[in-house]
Amino acid sequence: MSDFEILMTGPVMALIREGLEARFTVHKLHEIADKEAFFDSHRDRIRGMVGGSGHGKIDGALMQRFPNLGIVGNFGVGYDSVDAAWAGQNGIVVTNTPDVLTDEVADLALGLLIATIRRLPQADRYLRDGRWVKEGPFPLTASLREKKMGILGLGRIGSAIAQRAAAFGLNLSYHSRNPKADIPYRYYGDLVEMARDVDILMVIAPGGPGTKGIVSRAVMEALGPAGTLVNVARGTLVDEPAMVELLASGKLGAAGLDVFENEPHVPEALFGMENVVLLPHVGSGSHYTRNKMGQLVVDNIISFSEGKGPLTPVAETPWPIGR
Ligand code: NAP
Ligand code: 8YV
């Protein structure tokens, strides 16, 4: 057994737990009653930490309890729950799980888009409630035909969504901080302007302070009563109270949402709305893809512990990192 001890900040899938326990002593913070006593007794022993969104913040206050901490393995490509800037400034590398989930999340985004536009869950409920028999055919819906979609964040997943959407015949544009070279889609430096010009806004940029509330009331008003918002990024990107109000009043047409500001809590006002489709953050949630993500978390920690460096360090903690 390696003398490299790991702290998990929340429950993880069995593949990660077993993969790490086979090599390291693993501690589960969520099962430790006296955390302060643990922090003191394990101060010098913890060398790696594993967490992810939904497991609470891994902030400077937690990381600094362990002066020999070298790596934080984040389960997920989005690492907004880890203070990666602090980690980088303090010689700790943060890893995430890019690429292995890109296609799964892009598939889900297109599924959610079609479900929202063609009202698939509503049609399913209509049939199950016996309304087809009693009331006749389900009402006609909006269509993807001849529609324009703007993508907020044309990164790995945004590009995979664009590929799929292009195959569906959508007219595409995008917004990010920097225009990309050799991209056939129109670039907008101004998100409100893009929202005004499109029928659908697909949100797939990272969470965190840099994007908080970027899908503002003004953006959603620009999208308008015939517009559809799809968010598969993080709930924090959208001004959620404004979104709820605009959906209720019809000033925003419809929304397909996989993510929310305060998960797993979802604004109750959305539950009764017929113009929304709600998913419980399932973008990457297949056995196949979660296994790939879990294995990448384990492989990062193992590679680091063997002195070979991390496999997928995040931008704020480029490897090699100095302490
Ligand atoms: P990525 O490759 O890093 O792409 C992120 C894109 O966002 C880049 O094009 C970037 O371009 C843009 N961006 C970053 N900050 C921005 C800002 N302040 N304003 C406008 N654009 C900005 O990341 P990815 O792998 O595609 O993943 C994207 C995000 O999806 C993750 O961070 C995660 O939060 C979310 N996600 C959700 C699920 C789910 O289950 N629903 C699953 C996986 C990922 P510029 O640098 O040019 O601005
Ligand atoms: C994960 C995600 O399900 O990768 C991400 O950023 O949001 C999802 O793939 C999540 O991080 C696991 O908690």
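Residues numbered from 1 in each chain as written. Chains lettered and ligands numbered in written order. Predicted model: local features only at pLDDT ≥ 70, side-chain atom pairs only at ≥ 80, totals over all residues. Heavy atoms only, no water.

A. Region of the structure containing the layout of surface pockets. Of the pockets and cavities examined, the second largest pocket occupies roughly 210 Å³. Lining the second largest pocket are 15 residues, with Ile-117, Ala-142, Ala-226, Thr-228 and Ala-254 positioned closest to its centre. Residue classes in the lining of the second largest pocket are distributed as five nonpolar, six polar and four charged. (1 Å grid on protein atoms, 1.4 Å probe; cavity = no way out; pocket = protein on both sides within 12 Å on 5 of 7 lines; lining within 4 Å. Points joined across faces, edges and corners; volume = space filled by probe spheres on them. Nonpolar A, V, L, I, M, F, W, Y, C, P; charged D, E, K, R; others polar.)

B. Focus on empty space enclosed by the protein. Under the criterion given, the structure shown has one cavity of 30 Å³ or more. Its boundaries defined by the atoms lining it, the largest cavity holds a volume of some 30 Å³. In this structure, the largest cavity is lined by Asn-231, Gly-235, Val-238, Glu-240, Met-243, Leu-257 and Val-259. The residue inventory of the lining of the largest cavity, partitioned by class, reads four nonpolar, two polar and one charged.

C. The nonpolar core, seen in detail. Ranked by size, the top nonpolar core spans 48 residues in total, and within it Leu-20, Leu-113, Met-149 and Ile-161 carry the most contacts. No other element matches the nine residues that helix α5 (residues 102-118) contributes to this core. Each of domain 1 (5-99 + 288-305) and domain 2 (102-278) accounts for three or more of the residues forming this core. Grouped together as the second largest cluster of nonpolar side chains are 30 residues, Leu-191, Leu-201, Ala-205 and Val-244 included. (Core = buried A, V, L, I, M, F, W, Y, C linked by side-chain atoms within 4.5 Å. Buried < 20%, exposed > 50% of the residue type's maximum accessible area, 1.4 Å probe, protein only. Helix = DSSP H or I, 4+ residues; strand = E, 2+ residues; numbered from the N terminus. Domains from an automatic or database assignment.)

D. The arrangement of the site of ligand 2 in detail. Around ligand 2, a shell composed of Ser-53, Phe-75, Gly-76, Val-77, Gly-78, Leu-101, Arg-234, His-281, Ser-284, Arg-290 and Met-293 is seen. Between an oxygen atom of ligand 2 and a side-chain N or O atom of Arg-234, the distance comes to 2.8 Å. For ligand 2, whose unbound accessible area comes to 330 Å², protein coverage reaches 87%. Its residues assigned to classes, the shell around ligand 2 shows four nonpolar, five polar and two charged. (Near = heavy atom within 4 Å. Polar contact = N/O pair within 3.5 Å; in protein donor to acceptor, adjacent residues only side chain to side chain. Areas by Shrake-Rupley, 256 points an atom, 1.4 Å probe, with all protein chains shown as cover.)

Coordinates in, geometry out; function isn't part of it.
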